[in-house]
Amino acid sequence: MPPSVVASRLQPFGTTIFAEMSALAAELGAINLGQGFPDSDGPREVLDVAIESINGGLNQYPPGMGMQVLREAIAQHQQRFYGVSYNCDTEVLVTAGATEAIAGALLGLLEPGDEVIVFEPMYDSYQACIAMAGAVSVPILLEPPMYRPNMDAFEAAITTRTKILLINSPHNPTGMLLTREEQEHIVRIAEQHNLIIVSDEVYEHLVFDGQRHVSIAEIPQARNRSIVISSGGKTFHTTGWKVGWAVGPAHLIAAVRSAKQFLTYVNAAPFQPAIARGLLMPDEYFTQLAKNLEDRRNQLCDVLSESGFQYFRPQATYFVTADIRSMQANGDGREFCQRLAHEAGVVAIPNVVFYTPQNAHSGRHLVRFAFCKQEKVIAQAAQRLRNWAQ
Ligand code: PMP
Ligand code: GLN
């Protein structure tokens, strides 16, 4: 093998686990409960708007901030669900998925050496983007079974180099939902130290057990120091469209845009009016979406306990984390996921990839299963897991 030519700041991150495990699922014909994407289509009317847009000639570069119809729909959505108003011309930016909004926020705001406080485990792009910006991740460990953030640890992690608090609720991979009180505490810390909050809220509508997601910007002191990020992927079962957004005060959105314009310039035009249509769906759509997913959460949690896993019941998201130590003597989640794929025909994600190298031991024995799949697919996975675990 020739020596790697990958830039040193990216070398620690290798290939994303999602690409690796989805390729393995395809190769083995295994049931993919790894990468978080639904296996059924979203609302017909949303899909139809995309088709009509292509047929209607909406096939050239849209405006840099995103199409007006979508920016207006995003602003209306934030007002409807969170009571927060945004100016759709200056405070709403359309991005290539939430992934680009995160990258744009970090690349657009961070100086080399700046520190970003972030929950650990964390969605895998955070560490890589912080590294691409030449900045430093300062992780706050969330520990099972409840995965609640320890606010003393949060406060103790602040230094003179801290610039951003990067939070994620509902949280991937744990399914933890921050309470309003916890978010208020985070906002007090941000105010006290004059920090920017970047809040990844992509699972905002996938919340269970009658609870409600609180957007950080609902807390009045947070509105003008927070970039709120979300995406149409999870809410409308269109993860492959990569339509996301960032909302916040104009000066912060301008910083995200300054990076975004040189990453993708603009995003796919025909999907923008389609996601706009989705965002204007009636409340029942959003309620039913969460209810259906809650049923799948219950189904998969039952399967895991019948198969002998200890698991941590998620309050939200697509994912449930399980401890594999009762099933794999050496407690190695990576090895376990390989065995599970080859022997049982079910793919999961080893949670260790969501941890920094220094805390890898905390996630080594944990694996994540996705339940955003059809009932019959989870039932089939259940059969395979039960047979395998016997
Ligand atoms: N943030 C979190 C926490 C995620 O789980 C994901 C994965 N979908 C993203 C961001 C990226 O979202 P998108 O596909 O819209 O880029
Ligand atoms: N967010 C999804 C997950 O955590 C997948 C995103 C991706 O493939 N990058 O599984």
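Cut-offs applied
- Residues numbered from 1 in each chain as written.
- Chains lettered and ligands numbered in written order.
- Predicted model: local features only at pLDDT ≥ 70, side-chain atom pairs only at ≥ 80, totals over all residues.
- Heavy atoms only, no water.
- Helix = DSSP H or I, 4+ residues; strand = E, 2+ residues; numbered from the N terminus.
- Buried < 20%, exposed > 50% of the residue type's maximum accessible area, 1.4 Å probe, protein only.
- Contact = heavy atoms within 4.5 Å.
- Areas by Shrake-Rupley, 256 points an atom, 1.4 Å probe, with all protein chains shown as cover.
- Near = heavy atom within 4 Å.
- Polar contact = N/O pair within 3.5 Å; in protein donor to acceptor, adjacent residues only side chain to side chain.
- Core = buried A, V, L, I, M, F, W, Y, C linked by side-chain atoms within 4.5 Å.
- Phe/Tyr/Trp six-rings, centres within 6.5 Å; stacked < 30°, edge-to-face > 60°.
- Lys NZ or Arg CZ within 6 Å of the ring centre and 35° of its normal.
- Pairing = 2+ DSSP bridges.
- Right-handed = clockwise from strand over helix to strand, strands pointing away.
- Axes fitted to C-alpha atoms, helices over the stretch in contact; angles between N-to-C directions.
- Parallel < 35°, antiparallel > 145°, perpendicular 65-115°, else oblique.
- Left-handed = near helix turned anticlockwise from the far one by under 90°.

Novice: Account for the overall build of the protein chain, naming residues and giving values.
Specialist: Along the protein chain, the regular secondary structure elements total 14 helices and 13 strands. Taken along its principal axes, the extent of the C-alpha atoms in the protein chain is 60 × 50 × 50 Å. A buried classification covers 60% of the 390 residues belonging to the protein chain. Considering only residue pairs separated by 6 or more positions, the protein chain has 75% of its internal contacts joining residues 24 or more positions apart. As presented, the protein chain carries roughly 15,800 Å² of accessible surface, and 52% of it is formed by carbon and sulfur atoms.

Novice: Describe the site of ligand 1, with residues and values.
Specialist: In the vicinity of ligand 1, 14 residues are found, and the nearest of them are Thr99, Asp200, Tyr203, Lys234 and Lys242. A distance of 2.9 Å is found between an oxygen atom of ligand 1 and a backbone nitrogen or oxygen belonging to alanine 98. In the complex, 93% of the free accessible area of ligand 1, which totals 390 Å², lies under the protein chains. Among the elements that take part in the shell around ligand 1, helix α4 (residues 97-109) stands out by supplying four residues, more than any other.

Novice: Run through the nonpolar core, naming residues and quoting values.
Specialist: Within the largest apolar cluster, 131 residues are counted, with the highest numbers of intra-cluster contacts made by Phe154 and Phe369. Apart from residues no more than four positions distant in its own chain, phenylalanine 154 is found in contact with Ile117, Phe119, Ile140, Leu165, Ile167, Ile186 and Ile189.

Novice: Can you explain the site of ligand 2? Please cite residues and give values.
Specialist: In the vicinity of ligand 2, the contacting residues are Phe18, Gln35, Gly36, Tyr123, Asn172, Tyr203, Lys234, Phe319 and Arg368. Interatomic distance of 2.8 Å between a backbone N/O atom of glycine 36 and an oxygen atom of ligand 2. Arginine 368 places a polar side-chain atom, nitrogen or oxygen, 2.6 Å from an oxygen atom of ligand 2. When the free accessible area of ligand 2 is taken as 300 Å², the share hidden by the protein chains comes to 81%.

Novice: So what about the packing of aromatic side chains? Which residues, and what values?
Specialist: Summed over all chains, the structure comprises 19 aromatic pairs. Taken together, a centroid distance of 5.8 Å and an interplanar angle of 90 degrees make the contact between tyrosine 147 and phenylalanine 312 edge-to-face. Placement of tyrosine 147 in the loop between β4 (136-141) and α6 (151-156) and of phenylalanine 312 in strand β9 (residues 310-312) is noted, with a sequence separation of 165 residues between them. Residues tyrosine 147 and phenylalanine 312 agree in their burial class; the two are buried. For the pair phenylalanine 236 and phenylalanine 286, a centre-to-centre distance of 6.2 Å together with 75 degrees between the ring planes defines the contact as edge-to-face. Of the two residues, phenylalanine 236 is situated in the loop between α8 (232-235) and β8 (243-247) and phenylalanine 286 in helix α11 (residues 283-306); the sequence distance between them amounts to 50 residues. On the basis of relative accessibility, which here comes to 4%, the residue phenylalanine 286 falls in the buried class. Members of the aromatic cluster, joined through ring pairs, are Phe81, Tyr82, Phe236, Tyr285 and Phe286. Here arginine 368 stacks its cationic end above the ring of phenylalanine 319, 3.5 Å away from the centre of that ring. Sitting over the ring of phenylalanine 37, lysine 373 keeps its end group 3.7 Å from the ring centre.

Novice: So, the pairing of strand β6 (residues 196-200): which residues are in play, and what are the values?
Specialist: Of all five residues in β6, five are buried, a share of seventy percent or more. Neither face of β6 is left uncovered, since the one carrying Ile196, Val198 and Asp200 and the one carrying Ile197 and Ser199 both have all their residues buried. Where strand β5 (residues 162-168) lies against β6, five bridges are found, and the strand directions are parallel. Bridge pairing links asparagine 168 to aspartate 200 in β6. Two strands pair when backbone bridges link them, and β6 and strand β7 (residues 226-231) are joined in this way by four bridges, in the parallel orientation. Bridge pairing in β7 places serine 199 opposite valine 228.

Novice: Talk me through the environment of isoleucine 74; I want residue IDs and the actual numbers.
Specialist: With respect to the secondary-structure elements, isoleucine 74 resides in helix α3 (residues 68-82). For isoleucine 74, a relative accessible area of 0% gives the class buried. In sequence terms isoleucine 74 and alanine 254 are 180 residues apart; their C-alpha atoms lie 17 Å from each other. Isoleucine 74 has contacts with Val92, Val94, Trp245, Val247 and Leu279, leaving out every residue within four places of it along the chain.

Novice: Report on the pairing of β5, specifying residues and quantitative values.
Specialist: Most of β5 is tucked away, with six of its seven residues classed as buried. Following the backbone out of β5, through helix α7 (residues 180-193) and into the adjacent parallel β6, one traces a crossover that is right-handed.

Novice: I'd like a description of the packing of helix α2 (residues 44-55) against helix α10 (residues 271-279), backed by residues and values.
Specialist: How two helices sit against one another is set out by the angle between their axes and by the gap between those axes. Orientation of α2 relative to α10, taken along the N-to-C sense of each, is 155 degrees, at an axis distance of 8 Å. Accordingly, the angle class assigned to the pair α2 and α10 is roughly antiparallel. With respect to the hand of their crossing, α2 and α10 are arranged in right-handed fashion. Counted together, Glu45, Val46, Val49, Ala50 and Ser53 of α2 and Phe271, Pro273, Ala274, Arg277 and Gly278 of α10 form the full contact between these two elements.

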